[in-house]
Each structure stands twice: as C-alpha cells, then as structure tokens.
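Single-letter residue listing:
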Amino acid sequence: GTLGTVPFSRSGNLSWGVYSSDSMNVAVAVADMRPYVMRSGEQDPRTYINVVLTRVPTGNSGPIRFSAPLGYIWDFTDAEFVYQTAAAAPARHRDHVPSVVTAEFPPGMPQARDGSNVLLWSSATFSTLETYAFAALARIPAMEPTKTSNAFFLELGFAANAIDSREAAAAIEAP
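Residues numbered from 1 in each chain as written. Predicted model: local features only at pLDDT ≥ 70, side-chain atom pairs only at ≥ 80, totals over all residues. Heavy atoms only, no water.

Before going further, it helps to examine the environment of Gly71. For Gly71, the position within the fold is in the loop between strand E4 (64-67) and strand E5 (73-74). Classification of Gly71 as partly exposed rests on a relative accessible area of 39%. C-alpha separation for the pair Gly71 and Ser116, spaced 45 residues apart in sequence, amounts to 8.1 Å. Setting aside chain neighbours within four positions, we find Gly71 in contact with Arg139 and Pro141. (Helix = DSSP H or I, 4+ residues; strand = E, 2+ residues; numbered from the N terminus. Buried < 20%, exposed > 50% of the residue type's maximum accessible area, 1.4 Å probe, protein only. Contact = heavy atoms within 4.5 Å.)

Following this line, the structure appears as structure tokens:
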C-alpha cells in the first residue's frame, strides 16, 4: 500500500474510487485517430471526440470528471463544445450529435480547461430514461500511453469520499 492517495490524473489529487452503480453505458468515438503532429499542415489538426451516455443513474450526479488517455489534450472553445440535442444544437454542431440523443447533456459546458486530458463539471441531474451526448475537440497524441491505461474514464461523483455519493463510473478502451 501507500501512505496516501495515489492521484488518478495530473489535474487532481484524488484517486480512482469505488462507485455505487455499474449500470451506466458510455460509448466513445474519435473522428480521426491520426496524431496531431501528422495533421499539423491541415487547417485544423484537432479532431472531435464524441461521448454517448445511456442508463445514467437518475438523480444528482455529484461532480463529474471525464478523462482521456494520457497524452490527449482537450483543445476547444466554448463555442466548439457540443452538448445539445440535434433539434437545439447550432447548425454547425448537428453533425456531432448522434441520432440516439434524447436530452441535452445536463451539466452543459465543462469548467475552464487547463490544457490537460481532463474535463470537469459541477453536479447535474440525470434521468435513466434519457440518452445524453457531448463532443469536444482534442489533439490526439503521437503515441499511446505506456505507463498508464489507454482508456477514457467517466466518473459521476468523483470527489466524494463515501461510496453512496460516488454515483457511477465507466472505463472505455480507447479506439
């Protein structure tokens, strides 16, 4: 064991914890897996990462954390972040909203980004009956991580110490 908590990511001092629900389904799609450095001659070398959530536990989520594999960098403006349904989204976002989405991603815009692989939101209210999605631009690294998992992680209630306040989590292997 360790004397203290082993950080789960560079952007915080909290570790991965145990969660009270395992029913949530999360799918991740990356529009273009070519690394950022191979696309540097293109007008926009970033690519959209789309996330779809189903069977999210009903109720308040607690703080939300979405982590991409180490080396990915979230790189988007507020105007480029997609979280609405197709009907409510601006025309430029509609291509990034899957047809299965039934409700706006409740927390909306993530908190200020720090140039890392982690997105954070304050708590939000979800319903198991709805399907949610969000999409954001990121830079894809030249290499997969070798000292950590090559996976995306979504955590609802990540900052809580008690299991009954850590609503749900999912680990999704990177494409």
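Moving on, we come to unusual backbone geometry. Residue Arg55 is not a glycine yet carries a positive backbone phi of 55°. Its location among the elements puts Arg55 in the loop between strand E2 (47-54) and strand E3 (59-60). A relative accessible area of 44% means that Arg55 is categorised as partly exposed.

Okay, the nonpolar core next. In this structure, Ile49, Leu53, Phe66, Phe134 and Phe152 are the most contacted members of the largest nonpolar core, which totals 43 residues. Within the residue set of this core, elements represented by two or more residues are strand E1 (25-30), E2, E4, strand E6 (118-121), strand E8 (132-139), strand E9 (151-156) and strand E10 (168-173). (Core = buried A, V, L, I, M, F, W, Y, C linked by side-chain atoms within 4.5 Å.)

Now for the sheet that holds E2. A sheet is described by the order of its strands in space; here four strands give the open sequence E1-E2-E8-E5, paired in antiparallel fashion. The open sheet has two edge strands with one neighbour each: E1 and E5. Summarising the sheet, E1 and E2 pair through six bridges and their orientation is antiparallel. Each residue of the ladder has a partner; that of Val26, found in E2, is Leu53. (Pairing = 2+ DSSP bridges.)

Summarising the element assignment, Arg39 is placed in the loop between E1 and E2. Dropping the residues within four chain positions of it, Arg39 is found in contact with Asp32, Arg34, Asp44, Pro45, Arg46 and Thr47.

Let's shift gears to the sheet that holds E9. Ordered in space as E6-E4-E9-E10, the four strands form an open sheet in which the pairing is antiparallel. A strand with exactly one partner marks an edge of an open sheet, and here the two such strands are E6 and E10. This sheet shows a mean twist of 10° between the axes of neighbouring strands, independent of strand direction. Pairing of E9 with E10, which is carried by six bridges, proceeds in the antiparallel orientation. Paired with Phe153 across the two strands is Ala171, which belongs to E10. (Axes fitted to C-alpha atoms, helices over the stretch in contact; angles between N-to-C directions.)

Let us look at the packing of aromatic side chains. A complete count under the given rule lists 13 aromatic pairs for this structure. Measuring from centroid to centroid gives 6.0 Å for Phe66 and Trp74, while their planes differ by 45°, and the two rings are tilted. For the residue pair Phe66 and Trp74, the accessibility class agrees, reading buried in each case. The interplanar angle of 25° and the centroid separation of 5.5 Å between the aromatic rings of Phe76 and Phe81 together place this pair among those described as stacked. (Phe/Tyr/Trp six-rings, centres within 6.5 Å; stacked < 30°, edge-to-face > 60°.)

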